[in-house]
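# Structural overview for review
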Amino acid sequence: MGKKRIMLPVEEVDISAVKYENEVIKAPHLTGFLLKLFVKIIEAPLLGSLIVYLVKKENRMVELLRNTVIPEAPMFKPEFPPQEPEPGVIIMEEDGKPEDRVESALKCLPHYDPASLWNADSSPFRYWKIRDYAHAYRSRLATPSMVAEHFISVMEEFRNKKPPAPLLVSFDAEDLRKQAAASTQRFQEGNPLSILDGIFVAIKDDIDCLPHPSKGATIWMHEVRPVEKDAVSVSRLRSCGVIFVGKANMHELGLGTSGNNPNYGTTRNPHAPERYTGGSSSGPAALVASGLCSAALGTDGGGSVRIPSSLCGVVGLKTTYGRTSMIGSICDSGTVEIIGPIASTVEDVMLVYAAILGSSPADRICSKPAPPCLPNLSSSESLNVMGTLRLGKYTQWFNDVYSTDISDKCEDVLNMLSKNHGCKVTEIIIPELNEMRNAHIVSIGSESVSSLNPHCYDGKLSKMTLDTRTNLALFRTFAASDYVAAQCLRRRLMYYHMEIFKNVDIIVTPTTGMTAPIISPSALKFGESNLQVGGYLMRFVVAANLLGLPAISVPVGYDKQGLPIGLQLIGRPWGEASILRLASAVEELCGEPKKKPAQFYDILKVK
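Treat the numbers as computed from the prediction; the structure is a model and nothing was measured.

It is worth spelling out the environment of Gly557 at this point. Among the secondary structure elements, Gly557 is positioned in strand S18 (residues 551–558). According to the relative accessible area criterion, Gly557 is buried, its value standing at 7%. Taking the C-alpha atoms as reference points, Gly557 and Ser359, separated by 198 residues in sequence, lie 34 Å from one another. The contacts of Gly557, once residues within four sequence positions are left out, are Lys409, Leu563, Pro564, Ile565 and Glu592.

Here it is, written out as structure tokens:
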């Protein structure tokens, strides 16, 4: 008796009385032999269930889900109220050709003269933009075939690394040469398909891209799920002339945030090879940060685009749920995942986003998306719009980080936005953050188990990494009632956020609660389970997934160890233009000399 907890109806909650609770995750950190032993125990029928129950109880999951009366009805997919149109934007034609949308996006960008920078001193360090590549190709300073050969030579170098640390898990040099030759010919004939023609792009291994298999970085998925055609997002990029370099490494099946993968080798952080990239889109972020690709596509169901983008010092966009089609991805049936672009600059993210945007027919019916649009950064009106932006900051949450280097750097950026652009920073309170984290893990976990169970019962569980099996053991203990309770919490949390967005335009947080964690040597062979580190990496990202909101991570500097720090901007539903506008301003304000990654390759202008 006395265990039952009753929540007030969401409209009756006194926001001013909400107390912030620091997140504390209680679970063992395991690698090597201990991780193997732990997996054997938790997969045992009786003892395993008991241990998982105790871990859940220790972390209040039982209290927050099974012992709580939640008065709201469940929301099984993000549902958004109608939104006001964004100011100072250009509307993209969702049903038009991707190359036409890219051309419209190009007109949104501020003036830039690639020719003046081509012969400039390479110090301070900067990444080549897509417009730099296009200039080099059009001016015959380089060709896609030349760049392809440089890329292939780097892949040969990576193939010989010990221990293995692959950026790609599927690579076909001859296919790359074929794509590059076709692009080179189009430039020679004066007929490039778009500004993206000849641009090198990596595709995460859970998104279909012919002729490569989609394995989700497992050793078995391609055996049960053959790839017959490109994913919709890949097909749209291909029509723009993009060159696909192959399938990028990832945390197996996307079920982890470090990027660890014993199957093929763990991708290393270009800024510090002894550290993780973050995940699950580890390969895509590392390829972009290393200078080997202008952009990459990742999937994001729990920060998997934004976390590695932050840890690797690049830009990662998580779109509104339903804004981009998931057709042709392994994780195409969930309620929290999207496909989003990673690039070294905000403008390159905008160009790739313009190409891939467009809701699936089912999402158009269910989600009723607002017309997609981009900020017109070339217009003088853009500065005026910047001055009207209201930024919401929940200070106690904002400061709940592993190192104050992160919160201090992000705070400095907010001060610069106020001083230089007149942005107003408003204190907000977001109730029930612990409930939100639990609702997210139950949602993504239950949906993952639902899609993987047939394969597990068909003998594939033993072929999965120990880290994945640990997560699945937890996910299998979620009952139907837990899943429904999580969806009731989703409705409550959507209400809180929509109320906040009546007074602010964008919610600002650090992207992650810590910078890139060190890779334990014992984790390379058998993997690693470290839920405390996972908690820090996911601290600020799950609202955008559970509630389907758009969010972007933009690099803002480095901690005292020289590791990248990201600032996250969370927007209203369908509000990609607003967060892209603010991200562009943040990028300009943080234009202090970038730190050249320890692992960097200039494949455009090889000296």
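Below, the discussion takes up a nonpolar patch on the surface. On the surface, Leu47, Leu50, Tyr53 and Leu54 cluster together into a nonpolar patch covering about 370 Å² of accessible area. Tracing the backbone through its elements, the reader meets Tyr53 in helix H2 (residues 45–58).

The full count for this structure, using the stated rule, is 16 aromatic pairs. Ring geometry for Tyr20 against Tyr394: centres 5.7 Å apart, planes inclined by 90°, an arrangement best described as edge-to-face. Note that Tyr20 is positioned in the loop between strand S1 (5–6) and strand S2 (30–31) and Tyr394 in the loop between strand S14 (390–393) and helix H16 (395–398), a separation of 374 residues in sequence. In this pair, the class of Tyr20 matches that of Tyr394, namely buried. Pairing Tyr133 with Tyr137 gives two aromatic rings, centres 6.2 Å apart and planes at 65°, and the pair type is edge-to-face. Of this pair, Tyr133 and Tyr137 are both found in helix H6 (residues 130–138), four residues apart, which corresponds to roughly one turn of the helix. An identical accessibility class is assigned to Tyr133 and Tyr137; each is buried. An aromatic cluster is built from Phe125, Tyr127 and Phe600, whose rings are joined through pairwise contacts. Above the plane of the ring of Tyr112 lies Lys129, whose end atom (NZ or CZ) is 4.2 Å from the centre. Stacked on the ring of Phe398, the Lys or Arg Lys393 has its end atom at 4.9 Å from the ring centre.

On to the sheet that holds strand S5 (residues 168–170). One open sheet holds the eleven strands; their spatial order is S5-S7-S6-S10-S12-S11-S18-S19-S16-S14-S15, and the pairing between them is mixed. Strands with a single pairing partner mark the edges of an open sheet, and in this sheet they are S5 and strand S15 (424–427). For this sheet, the mean inter-axis angle between neighbouring strands, taken without regard to orientation, is 35°. Judged from the seven bridges that link them, S18 and strand S19 (residues 564–571) form a sheet pairing that is antiparallel. Bridging from a neighbouring strand, Ala551 pairs with Ile570 of S19. Against the sheet, helix H13 (residues 346–356) makes contact with strand S10 (295–300), strand S11 (315–318), strand S12 (338–343) and S18, and its axis sits at roughly 145° relative to S12, the strand it touches most.

Let us look at the side chain of Lys318. Take Lys318: it is sitting in strand S11. One buried charged residue, Lys318, remains without a salt bridge, the closest side chain of opposite sign being Asp300 at 6.5 Å. A distance of 2.9 Å separates a polar atom in the side chain of Lys318 from the backbone oxygen of Ala544.

Counting through the fold element by element, Gln179 comes out in helix H8 (residues 173–188). Overall, Gln179 belongs to the buried group, its relative accessible area being 13%. Here the side chain of Gln179 touches Phe244 through a polar contact of 2.8 Å, landing on its backbone nitrogen. In this structure, Gln179 is in contact with Arg238, Val242, Ile243 and Phe244, ignoring residues within four places of it in sequence.

The end-to-end C-alpha separation of helix H7 (residues 144–159) is 22 Å, in line with the 22 Å expected for 16 residues at 1.5 Å each. The complete set of buried residues in H7 reads Pro144, Val147, Ala148, Phe151, Ile152, Val154, Met155 and Phe158. For H7, the buried positions fall inside an angular range of 165° around the axis, keeping them on one side.

Moving on to the pattern of salt bridges. Pairing between side chains becomes possible if they bear opposite charge and their charged atoms approach one another. Under the defined criterion, the tally for this structure stands at 34 salt bridges. Arg60 is the partner of Glu21 in a salt bridge, and the nearest nitrogen-oxygen pair spans 3.0 Å. Residue Glu21 is found in the loop between S1 and S2, and its partner Arg60 is found in the loop between H2 and helix H3 (61–65); the two are separated by 39 residues along the sequence. A residue is classified by how much of its surface remains accessible, and Arg60, at 27% relative accessible area, is partly exposed. With a closest N to O distance of 2.7 Å, Glu432 and Arg492 form a salt bridge. Of the two residues, Glu432 is situated in the loop between S15 and helix H18 (433–460) and Arg492 in helix H20 (residues 480–500); the sequence distance between them amounts to 60 residues. Taking the relative accessible area as the measure of exposure, Glu432 reaches 14% and is therefore buried. Linked by salt bridges that have partners in common, Glu23, Asp400, Arg437 and Arg539 make up one network.

It is worth spelling out unusual backbone geometry at this point. Note that the residue after Lys162, namely Pro163, is joined by a cis bond; omega there is -5°. Considering the arrangement of structural elements, one finds Pro163 in the loop between H7 and S5. Between Leu210 and the following residue, Pro211, the backbone shows a cis peptide bond with an omega angle of 5°. Here Pro211 shows up in the loop between strand S6 (200–204) and helix H9 (221–224). Even without glycine at this site, Ala217 takes up a positive phi of about 60°. Here Ala217 lies in the loop between S6 and H9. Judged by relative accessible area, which is 0%, Ala217 ranks as buried.

What counts and what doesn't
Residues numbered from 1 in each chain as written. Predicted model: local features only at pLDDT ≥ 70, side-chain atom pairs only at ≥ 80, totals over all residues. Heavy atoms only, no water. Helix = DSSP H or I, 4+ residues; strand = E, 2+ residues; numbered from the N terminus. Buried < 20%, exposed > 50% of the residue type's maximum accessible area, 1.4 Å probe, protein only. Contact = heavy atoms within 4.5 Å. Patch = residues over 30% accessible without salt bridge, like charges linked within 9 Å, V, L, I, M, F, W, Y side chains within 5 Å. Areas by Shrake-Rupley, 256 points an atom, 1.4 Å probe, with all protein chains shown as cover. Salt bridge = Lys/Arg side-chain N within 4 Å of Asp/Glu carboxyl O. Phe/Tyr/Trp six-rings, centres within 6.5 Å; stacked < 30°, edge-to-face > 60°. Lys NZ or Arg CZ within 6 Å of the ring centre and 35° of its normal. Pairing = 2+ DSSP bridges. Axes fitted to C-alpha atoms, helices over the stretch in contact; angles between N-to-C directions. Lys, Arg positive; Asp, Glu negative; His and termini not counted. Polar contact = N/O pair within 3.5 Å; in protein donor to acceptor, adjacent residues only side chain to side chain. Expected span 1.5 Å × (residues − 1). Arc of directions from axis to C-beta.

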